[in-house]
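Inside the fold
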Amino acid sequence: MREEIIVSGRMNPFIDPHLNIWHWQIPTYLFLGGLAAGILFFAALFYLQGKEEKYRTAVRVAPLIVPILLVLGLFALLLDLKHKLYFWQLYTTIRLESPMSWGAWTLMVVTPLSFIWAAIHLRDVFPKWDWKYQWLKDLEAFFIRYKRPMAWVIVIFSVILGVYTGILLSAFNARPLWNTSILGPLFLVSGFSTGAAAIILFSKNPEERKTFAKIDLLLIAVELFLIIHLFMGFLASTQVQIDAANLFLGGPYTAPFWILVVTMGLAVPALLEVLELLKYRIPVYIPAILVIFGGLMLRFIIVYAGQVSRWMY
Amino acid sequence: MAIDTLKCVGCGDCVVACQTENEVPIGFCRDWVVEVTDGTYPQLEIEIRSERCNHCENSPCVRCCPTGASHYAEGGIVLVTQNKCIGCGACIASCPYDARYSHPKGYVDKCTFCIHRVKKGLDPACVAVCPTRCMYFGDLDDPKSPVSMVLKNRKYKTLIPEAGTKPHLYFLI
Amino acid sequence: MGSRRDFIKISAVGVGGLAVGLPMARSLAYQAVEADSFPYAEMMRTPTYCEVCFWKCAGWIHKNDKGELWKITGNDHDLHSNGRFCPRGTGGVGMYHDEDRLKRPLMRKTVNGKQVFEEVAWDEALDFIARRMKEIASVHGPECTALFTHGSGGKYFGTLLRAFGSPHIAAPSYAQCRGPREVAFQNTFGEGVGSPERTDIRDTRCLVLIGSHLGENMHNGQIQEMSDAIDKGATIITVDPRYSTAASKSKYWLPIKPATDLALLLAWINVIIEEELYDRDYVERYTYGFEQLKNHVATMTPQWAYGITTIKPEVIRETARAMGHASPAVIVHPGRHVTWYGDDTQRLRAVAILNALLGSWGRRGGFYRPETVTVPEPTTPEYPTPSRSWRTEFPDLYRLSDTVLANGVCDATIPDPSRGCNFKTWIVNGTNLIETLPNQENTIKAIESLELMVVIDTMPMEITGYADVILPECTYLERFDEIRVSLHREPQIALRMPAFKPKYDSKPGYWMARELSKRLGLEAYFPYEKQEDLLDWQLKELGSSLEEMMRIGVKTFKRPYDDLYFAPDEEVEFWTNTGKIELYATAFEMEGFDPLPVYTPHEEPPAGYYRLNYGRAPMHTFSRTANNPNLTDLMDENSVWINPKVAWEWGLVNDQYIHLRNQDGKRSEFPIRVRITERIRWDSVYMVHGFGHDRKQLTRSYGRGASDTNLITKVLVDPLMGGTGMRGNFVTFITELEEDKS
């Protein structure tokens, strides 16, 4: 028998008995960021493909909520900081080795762009909107002229936004559950999938909904594949990774993960969407909400379970 | 720093001395003592280790800090600049040794190898107080320093070398 | 004052509004005067010697830029600590900062039919004590006043007591701790082991620890020297049923069956004599009784011991040979807390005999000859001769003890028709008798028969709940005390001076003793009003001065007499009946006890019960430090160590909380956490002493862990000197926490 104990009474808040430095604020931000990334990506992508009229909601309507999502996300992040008054230090330097630094700067680019994109499409939802001041009207016209370059920037940065959250977690090799390069793509695909689901929710155009349902179905399939790959990777890796995987294979997080994320968040919506494509009548919002819920749960569980996984003691 | 596990009795003096010297708040600690017992009665073995931040050469905490508050100072000592720290907790999550903690004042804190004492030519508080004199501190690049001398003559190990952090805390076994 | 004495559990401050108001105002006045007159506030570091345990390491108290307490470090020239304090010493800052400290004098009063403690002014408290002492003495005689002490204040209260006319000063460290070994060594070598022990560990080639868990008991200097010995490749042999920290550093660990140590010692003596591993020259020159010893142990072979101790005969022989080959640089460590089974004096005699055979007494690597400094005392009148003492009243009891026994005083307080007198007054300073004396019920019964009980302490420990008057003592960081003299390789003195003025309304022991002496008409025994002046005079007599000592902290003198060790052909006279080292104890024979140790088997635990073993943790001292914030950070509760096989039988899991119940049905007051570990034998359990406090005022330690003293109801008294053996208790486990209290 091996007995390994700390005999000097260490009980540092947030560290012991196991790491719990990040609470609801972080998964909330990760979810909101992923959702925003998804919506923006599809908005810019379909605009660049010239399908602006065909997929009105995707390009013009859904992005209206993105600024709100991003502001809420940033607020959650601020709440998480323990030295809040110094948050501006983030913007005094770019540290290429720190994914958190990329994230800070990416948000610095994406948030204003999302505000601008939403602003120039305000009249789609509020037809009587009037900017009142001439300089604002000039600004709007200016941005509309540069919509194409903006869209390109948005495409690139929304991908970065979607993937960096996963890369950020996977860079922590101290938490074996996170330390896998699959986490980046997994979060990216999950973010895009929730974005597609949101677009389905807002859309009133059946053809748009059908397209996005197909996109979503594809993304869910990819996500399921990545999850299986994730576990295969863990179980074929070192002991600490095996222990991390066991958190979900009989450990305390087994039920929440497989029921809330995989079943309710991925398998069931996929099934419902297949049924829908086979012309069964399914209320369209059910799979969409389930997908969004699944995305939120995925991030919560990964963030909390990751802090339990460890190398020592 | 090198610590002789054959002499350490696990008294915790290093923990209290660090706490008073560095004014660490009660309820927090920068270093701690681990006791590992192997075997079945009466074939038993114990290893006692006084652990702290390893001041790694390839430290994940410096790498992941978004503001540069976590940095390498002179001699390879890893320090935190308190007024650059935003308290995001990334460094805490990135340390495989769980050596950092969130100070009540908001910034992240950890062992500093008592750099304020080292600058005056003194040993860190834990090394200076240890009653069994099992702790050695010094410049690894200087072959005559106490640390170099003792590493030359004894077998030693580091913690989780496979994590790739290249720690500078050696346990003599 | 009635004889019924309720243990006052509720909050200490009394309910009488006016009564509280007035004393507060007066004490504030006291403080206002003193605030301006603390002359040492500017000193950034002040010398002191630690008060946490009895080792009295000398060191420095450091202040930060704001003049607040920063840290405590050791004095590099101090022989006890060599500049390094142990965790309790370093954590002494917690003693100063602890807000649960006693703050103002408290007196027991009855308010609305209920007994409470009320804060009173010093004058009222001291007047009351003096008046009652005189009253009780006029009826029963001053000899019925007893002092229990385990702190530096004991010196002054001792002077007071002697001046008052009583010889009864008891330290629990005798009969509850090291008494048997002092008597055993005195009757072998003519002197006791002393405190700190005169073991030359740093130069030893073989250290035998039988009943010592060095490394968990934090005897600072000895642990430092053990580390040196390990560096030099010394062989360490540890005999312990538990795999202690010392055992983990030993070449040989003998996992002995509990209560059989004496058999092992006798077998070792047998082997050493049989194989002629003893120091022949030394034995011939200095010892008496070798032939009797040889005949006595002839039948006590390793095979015989194997059956009793479960230690294999080859191991017994191998370890005896290791000791013999290291002779004379070998130490069979006498341990410290040796009051185990009631035959402890005899067991320590075997240890002494073994040391004598190996020639370690007075030799390098064995036991050195310590030197001390005699500090001159100011001229005072002669102490009155007491008309009687415990010795005169109980001439046949514990004839080999030469000190007052704490448990003796306790027993003699309970009224008994066969006895002509009982103790009526107790003054208790710096010792928590409830946790120190075994058989708590007995102690409480004694206390209830007292007419006056005064407790002087820094913390509201359990003993304060029974007092009539509680006097708050300031911590060692806030007072002067007597000059520390070391019994060490070189004579050395150390100064303690205050770094801060006393917090709240607490006072130093010297002041309290002196104020009492004034009220008792005994101030002639305290000629100096200010302690500084007394110390300055004493230091000047020794060739130093207060000013010098404030700068340097310790001062070492040259050894005035003999060398540290016996010279090769030195004629040494030992203070025994024969003038030689008595392997055969003539004094024991005269008193009708065995002159050579004989093994007697002791009671074993019944089925389902396990022997209760207890010990120390290096970050705590007795029950004294359980509330210290810095030290509770390291360890805030104890656990009961249970062998995995036993745990499996009982279905226990790690970190579960259970109650313990002993063989007399006594249940532990608080539950204790289970630690399942291979380090403990399957027939015993182990816990660290000093937890399980039941005083709510001790906010950090109330209800944390369990108290082993709680469960020590069977006391095995040593007939030779009255030591209270405490390891004859067995416990079983109670897993349901909601059971009715038995």
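1. A word on the domain arrangement of chain C
All names here are of chain C.
- Each assigned domain of chain C is listed with its residue range as follows: domain 1 (1-36 + 100-166 + 370-378 + 401-473 + 508-526), domain 2 (43-97 + 476-499 + 530-557), domain 3 (197-368 + 581-590) and domain 4 (610-741).
- Here the C-alpha centroids of domain 2 and domain 3 sit 35 Å apart.
- Across the boundary between the two partners, domain 2 contributes 14 residues, which contact 14 residues of domain 3.
- When the two sides are added together, the surface that domain 2 and domain 3 hide from each other amounts to roughly 1,000 Å², 51% of it contributed by carbon and sulfur.
- Ranking the residues of domain 2 by area buried against domain 3 places F54, W55 and R489 at the top, with a combined share of 56%.
- Across the domain 2-domain 3 interface, the total number found is two salt bridges.
- R489 is paired through a salt bridge with E225; the nearest N and O atoms lie 2.9 Å apart.

2. With respect to the layout of surface pockets
- As a volume, the largest pocket reaches approximately 1,700 Å³.
- Forming the boundary of the largest pocket are 50 residues, of which K56, G151, G154, K155 and E482 of chain C lie nearest the centre.
- Those elements that place two or more of their residues in the lining of the largest pocket are α5 (154-164), β7 (169-170), α6 (172-189), β16 (484-485) and α20 (531-541) of chain C.
- If one sorts the elements of the lining of the largest pocket by residue count, α5 of chain C sits on top with six residues.
- Split into classes, the residues belonging to the lining of the largest pocket amount to 22 nonpolar, 16 polar and 12 charged.
- When residues of the lining of the largest pocket are sorted by domain, at least three fall in each of domain 1 (1-36 + 100-166 + 370-378 + 401-473 + 508-526) and domain 2 (43-97 + 476-499 + 530-557) of chain C.
- Here the second largest pocket is characterised by a volume of approximately 1,200 Å³.
- Lining the second largest pocket are 47 residues, and of these I5, I6, V7 and G9 of chain A together with R673 of chain C sit closest to its centre.
- Every element with two or more residues in the lining of the second largest pocket is listed here: β1 (2-6) of chain A, α1 (13-21) of chain B together with β21 (639-642), β23 (672-676) and β24 (684-688) of chain C.
- Per-element accounting of the lining of the second largest pocket gives the leading share, four residues, to β1 of chain A.

3. Section: the interface of chain B and chain A
- Each partner contributes to the interface: chain B provides 48 residues, whereas chain A provides 42 residues.
- Of the roughly 3,900 Å² buried where chain B meets chain A, counting both sides, 57% is carbon and sulfur surface.
- Seen at the junction of chain B and chain A, the total is three salt bridges.
- With its nearest N and O atoms 2.9 Å apart, the salt bridge here joins D38 of chain B to R2 of chain A.
- Elements with a contribution of two residues or more to the side of chain B that touches chain A: β2 (32-40), β3 (43-51), α2 (60-64), α3 (90-94) and β6 (101-102) of chain B.

4. Thoughts on the pattern of salt bridges
- Here the structure, examined in full by the defined rule, presents 78 salt bridges over all chains.
- Between R131 of chain C and E135 of chain C there is a salt bridge, with the nearest N and O atoms lying 3.2 Å from each other. Here R131 of chain C pairs with E135 of chain C, and both are found in helix α4 (residues 122-140), just four residues apart, close to one helical turn.
- Here E135 of chain C falls in the partly exposed class, since its relative accessible area comes to 31%.
- Each of the salt bridges in this network shares a partner with another, and the network as a whole consists of R2 and E4 of chain A together with D38, E47, R49, E51 and K157 of chain B.

5. So, the nonpolar core
- Counting 115 residues, the largest nonpolar core has W22, F42, L169, W178, F212, F248 and F257 of chain A as its most contacted members.
- Considering every element that reaches this core, the biggest residue donor is helix α1 (residues 25-48) of chain A, with 17 residues.
- Residues contacting F257 of chain A, with those up to four places away along its chain left out, are I227, F231, F248, V262, L298 and I301 of chain A.
- Counting 77 residues, the second-largest nonpolar core is a separate cluster that includes I308, I316, L358 and I581 of chain C.

6. Observations concerning the side chain of E582 of chain C
All names here are of chain C.
- Here E582 is to be found in strand β19 (residues 581-582).
- One buried charged residue, E582, forms no salt bridge at all, with the nearest opposite charge on R349 at 6.5 Å.
- Contacts of E582, omitting those with residues within four sequence positions, involve N187, T188, Y288, R349, T576, N577 and A587.

7. With respect to the pairing of strand β6 (residues 145-149) of chain C
Residue and element names in this part refer to chain C.
- Counting buried positions over the five residues of β6 gives five, a clear majority of the element.
- Burial along β6 is two-sided: T145, L147 and T149 and A146 and F148, pointing in opposite directions, are all buried.
- Bridge analysis of β6 against β7 gives two bridges, and the strand direction is parallel. The residue of β7 that forms the bridge with F148 is A170.
- Taken together, β6, α5 and β7 constitute a β-α-β crossover, and its handedness is right-handed.

Cut-off values and rules
- All residue numbers refer to position in the chain's written sequence, counted from 1.
- Think of it this way: whatever chain is written first is A, whatever ligand is written first is 1, and the rest follow in order.
- In keeping with the model being predicted, local features are shown solely for residues with a pLDDT of at least 70 and side-chain atom pairs are shown and tallied solely at 80 or more, while totals for entire chains, interfaces and linings include all residues.
- Think of the side-chain values as coming from all heavy atoms in the structure, minus any hydrogens and water.
- Domains are outlined according to an automatic or database domain assignment.
- Residue contacts are counted whenever heavy atoms from the two residues lie within 4.5 Å of one another.
- When two components associate, each loses some accessible surface as probed by a 1.4 Å sphere; the sum of these losses over both components is called the buried area.
- Think of a salt bridge as a Lys or Arg side-chain nitrogen and an Asp or Glu carboxyl oxygen that are within 4 Å of each other.
- Only protein atoms enter the calculation, which uses a 1 Å grid: trapped sets of points that fit a 1.4 Å probe without letting it out are cavities, open sets showing protein on both sides within 12 Å along at least five of seven lines are pockets, and any residue with an atom within 4 Å of a point is a lining residue.
- Grid points are joined across faces, edges and corners, and a volume is the space filled by probe spheres set on the points.
- Counting from the N terminus, the helices are the DSSP runs of H or I reaching at least four residues and the strands are the DSSP runs of E reaching at least two.
- Any residue outside Ala, Val, Leu, Ile, Met, Phe, Trp, Tyr, Cys, Pro, Asp, Glu, Lys and Arg is labelled polar, Gly included; the first ten of those are nonpolar and the last four are charged.
- Only protein chains enter the accessibility calculation, which uses a 1.4 Å probe; a residue is then buried when its area is under 20% of its type maximum, exposed when over 50%, and partly exposed in between.
- For the purposes of this section, nonpolar cores are sets of buried Ala, Val, Leu, Ile, Met, Phe, Trp, Tyr and Cys residues that join through side-chain atoms within 4.5 Å.
- Charged-residue counts in this description rest on Lys and Arg as positive and Asp and Glu as negative, His and the chain ends being excluded.
- When DSSP finds at least two bridges between two strands, those strands are taken to pair.
- Handedness of a crossover: with both strands directed away from the viewer, a clockwise path from the first strand across the helix to the second marks it as right-handed.

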